[in-house]
Amino acid sequence: MKTGTGTLDDVDHGLVHALQIDGRAPFRRIGEALGVSESTVARRYRRLRSAGTLRVVGTLNGARLGHHAWTIRLQCTPDAAGPLATALAARTDTSYVHLLSGGTEISCSAQTPTADESEALLLHKLPRTAHVTSVSAHLLLDHYALPNDWAGPARLTREQTALLAPPGPLEDGAEDAAGDAGVLVGPADRPLFDVLARDGRAGYPELAAATGWSESTARRRVAALRRAGVLTFLVDVPPAALGFRAEARLWMSVRPSRLVAVASAMAEHPEVSLVALTTGPTNLLAAVNCRDSVHLARYLTGRIAALDAIRSIETAPVIRTVKRAGALLPRPAR
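Residues numbered from 1 in each chain as written. Predicted model: local features only at pLDDT ≥ 70, side-chain atom pairs only at ≥ 80, totals over all residues. Heavy atoms only, no water.

Section: the packing of aromatic side chains
For clarity, the threshold we go by: Stacked, tilted and edge-to-face pairs are distinguished by plane angle, under 30 degrees for stacked and over 60 for edge-to-face with tilted covering the rest, among Phe, Tyr and Trp rings (Trp via its six-membered ring) whose centres lie within 6.5 Å. To qualify as a helix, a DSSP run of H or I must reach at least 4 residues; to qualify as a strand, a run of E must reach at least 2; elements of each kind are numbered from the N terminus. Burial classes follow relative accessibility: with a 1.4 Å probe on protein chains only, a residue under 20% of its type's maximum area counts as buried, one over 50% as exposed, and anything between as partly exposed. Two conditions define a charge located above a ring, namely a distance within 6 Å from the ring centre to NZ of Lys or CZ of Arg, and an angle within 35 degrees of the ring normal.
Inspection of the entire model under this criterion finds two aromatic pairs. Ring geometry for W150 and F244: centres 5.1 Å apart, planes at 65 degrees, overall edge-to-face. Of this pair, W150 sits in the loop between β7 (132-145) and α6 (158-162) while F244 sits in the loop between β8 (231-236) and β9 (246-254), and the two are 94 residues apart along the sequence. Judged on exposure class, the residue W150 and its partner F244 are both buried. For the cation-ring pair, R73 lies above W251, with the distance from its terminal atom to the ring centre recorded as 3.6 Å. Positioned over the ring face of F27 is R201, at 4.2 Å from the centre of the ring.

Structure (structure tokens):
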């Protein structure tokens, strides 16, 4: 498959999978897992990142802090969709901003720390112009699949993944030898998250310069936030770069008595990168990634059709993605 820098070969695919496992894994360790040199891994990563094909981003896992997660849908006139999507993508509290359904609908994700901030976002901060014909917001109640667990990038063997697995987050209420249970995130952490949202592999000298901490303090803080599950590193890669050129969002109405069973079943589908229970007229949201429109049709008429507890489904193809997991990067000068 083609990107701005040519064809993704086996090493590129292995690199993407390795970074999905641990976004900050040293290039040396990735090289050992892939059977190539450290310099080869570093060169491949720089090439793919420069092309806009691959990036690692550090994100705040608001669920560990009790934050509210939302999926938002805006219907608008075709001439306004692009500028509105760009404005939403520029916000620090949004992610996965997509143009859907022929360019007249925008969807995005947002998280807010408190109920008051949720109210401010939904009632005052979302675009309100004559070009926006409707706005709906759906609280995400529970997740059964998340983008960082999507099977699309998977290429490595079990033995290779074992070489890359980072320490897992602490269970709720647990505490390790460093005393990381109940980690709080405050204003002093904001510069750290800002840098990592642009480049999840930023070095400790850069993190120290941004925060005013020493390098050793920055290193310890990143480790503590990771162990607490508050800081998560995601691979920011277009599904099309991996050969999945047909993305869609599915809003489904599922019989309540079977809702958990359907969500759990869909989470096992290799096409699915997100499954979440939501509020609103539908109660289940999914993001699916297929090779092409034929694959999408087979998925809807096969795997989805077999789940007979789904009473209705709305399918919205992704026309263009304005923002994925990480912060928007400045466009290079021409």
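Digging into the sheet that holds strand β12 (residues 310-323)
The test is simple: DSSP-based pairing: two strands are paired if at least 2 bridges between them are found. Here the axes come from fitting lines to C-alpha atoms, over the contacting stretch only for helices, and the angles between their N-to-C directions go from 0 to 180 degrees.
Here we have eight strands rolled up into a closed barrel, ordered β4-β6-β5-β12-β9-β11-β10-β7, and antiparallel in their pairing. In this sheet, neighbouring strand axes are inclined to one another by 35 degrees on average, regardless of whether the strands run parallel or antiparallel. For β9 and β12, the ladder comprises seven bridges, and the chain directions are antiparallel. Bridging across to β12, A248 finds its partner in P317.

Quick word on the side chain of E271
Put simply, the rule is: Only heavy atoms matter for contacts: two residues are in contact if any of them lie within 4.5 Å across the pair.
Take E271: it is sitting in the loop between α10 (259-267) and β10 (272-278). When sequence neighbours within four positions are dropped, the list of residues in contact with E271 reads W150, A287, V288, N289, C290, H295, Y299 and R303.

Remarks on helix α1 (residues 10-21)
Condition: Here the expected span of a helix is defined as 1.5 Å times the quantity of residues minus one. Each polar contact in these results corresponds to two N or O atoms within 3.5 Å; when the atoms are within protein, one needs to be able to donate a hydrogen and the other to accept it, and residues that are neighboring in sequence are counted only if both atoms are side-chain atoms.
For α1, spanning twelve residues, the distance from its first C-alpha to its last is 17 Å, which sits close to the expected 16 Å at 1.5 Å a residue. Listed in full, the buried residues belonging to α1 are D12, H13, G14, L15, V16, H17, A18, L19 and Q20. Measuring from the backbone nitrogen of V11 back to the side-chain oxygen at the start of α1 gives 3.1 Å, which picks out D9 as the cap.

Things to note about the pairing of strand β4 (residues 68-76)
In the case of a regular strand, side chains alternate between the two sheet surfaces. As defined by bridge partners, β4 adjoins strand β6 (residues 105-112) across eight bridges and the pair is classed as antiparallel. When the sheet's bridge partners are listed, I72 is paired in β6 with C108. Bridge count for β4 against β7 is seven bridges, and the pairing is antiparallel. The partner of R73 across the bridge, within β7, is S136.

Considerations on the pattern of salt bridges
We apply this condition: The term salt bridge refers to a side-chain nitrogen of Lys or Arg lying within 4 Å of a carboxyl oxygen of Asp or Glu.
Under the defined criterion, the tally for this structure stands at 15 salt bridges. Residue R190 pairs with D194 through a salt bridge whose shortest N-O separation is 3.3 Å. Of the two residues, R190 and D194 both sit in helix α7 (residues 190-198), four residues apart, roughly one turn of that helix. Among the residues examined, R190 registers a relative accessible area of 42% and is labelled partly exposed. Here D194 falls in the partly exposed class, since its relative accessible area comes to 32%.

Examining helix α3 (residues 38-50)
An α-helical segment advances 3.6 residues per turn. Residues three or four places apart therefore align on the same side. Here α3 spans 18 Å end to end across 13 residues, near enough to the 18 Å set by a 1.5 Å rise per residue. Within α3, burial applies to T40, V41, A42, R44, Y45 and L48. In the core, the buried residues of α3 are packed alongside α1, α2 (27-34) and β3 (55-60). Of the residues one or two after α3, G52 is the one with positive phi, at around 75 degrees.

Here's the deal with the environment of P270
Looking at the secondary structure, you find P270 in the loop between α10 and β10. C-alpha of P270 to C-alpha of A151: the two residues are 119 residues apart in sequence and 5.6 Å apart in space. With near-sequence residues (within four places) excluded, P270 lies in contact with W150, A151 and R303.

Structural measurements only, silent on function.
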